[in-house]
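Survey of secondary and tertiary structure
Letter by letter, the chains look like this.
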Amino acid sequence: MPRNAIEMTVELKVDGKEIPLSEFPQEIIGNTAVAMAQSLRGVDENWKVIEIRISQD
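Anyway, here's the lowdown on the structure attached to this text.

Parameters at a glance
Residues numbered from 1 in each chain as written. Predicted model: local features only at pLDDT ≥ 70, side-chain atom pairs only at ≥ 80, totals over all residues. Heavy atoms only, no water. Helix = DSSP H or I, 4+ residues; strand = E, 2+ residues; numbered from the N terminus. Buried < 20%, exposed > 50% of the residue type's maximum accessible area, 1.4 Å probe, protein only. Areas by Shrake-Rupley, 256 points an atom, 1.4 Å probe, with all protein chains shown as cover. Lys, Arg positive; Asp, Glu negative; His and termini not counted. Charge placed at Lys NZ, Arg CZ, Asp CG, Glu CD. Expected span 1.5 Å × (residues − 1). Arc of directions from axis to C-beta. Patch = residues over 30% accessible without salt bridge, like charges linked within 9 Å, V, L, I, M, F, W, Y side chains within 5 Å. Salt bridge = Lys/Arg side-chain N within 4 Å of Asp/Glu carboxyl O.

Along its length, the protein carries one helix and two strands. Beginning at the N terminus, the succession of helices and strands in the protein can be written as β-β-α. The dimensions of the protein, computed from C-alpha atoms along their principal axes, are 35 × 30 × 15 Å. A burial count over the protein gives 9% of its 57 residues as buried. Total accessible area on the protein is roughly 5,800 Å²; 49% of this is exposed by carbon and sulfur atoms. The centroid of the 6 positive side-chain charges in the protein is displaced by 3 Å from the centroid of its 10 negative side-chain charges.

Below, the structure is given as structure tokens:
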């Protein structure tokens, strides 16, 4: 694991069904979400949970 890596758990649910993720997609989704959230003002660097919900209209 790289020196600056964050240990995290990533879960993906689509319409309530949990989608199994291997390590690679967990890293891609998790690192992308963390980078986006941490770039925003008001996000504490010691966050515990980041939640993103996407819905189709």
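Between the first and last C-alpha of helix α1 (residues 23–38) there are 22 Å, a value that for 16 residues agrees with the 22 Å anticipated at 1.5 Å per step. Among the residues of α1, G30, A33, V34 and A37 are the ones counted as buried. The buried residues of α1 occupy one face: seen down the axis, they fall within an arc of 100°.

On to a nonpolar patch on the surface. Side chains of L12, V14, F24, I28 and I29 sit close together on the surface and give an oily, nonpolar patch of about 450 Å² of accessible area. Where the nonpolar patch is concerned, the elements lending two or more residues are β1 (12–14) and α1. Take the nonpolar patch: its biggest share by element is three residues, from α1. Here L12 is to be found in strand β1. Looking at L12, the relative accessible area reads 33%, which means it is partly exposed.

Attention now goes to unusual backbone geometry. Positioned with a positive phi, D15 is a non-glycine residue whose angle comes to about 50°. Turning to its location among the elements, D15 is positioned in the loop between β1 and β2 (17–19). Judged by relative accessible area, which is 82%, D15 ranks as exposed.

Note that all results are geometric; they support no functional claim without further evidence.
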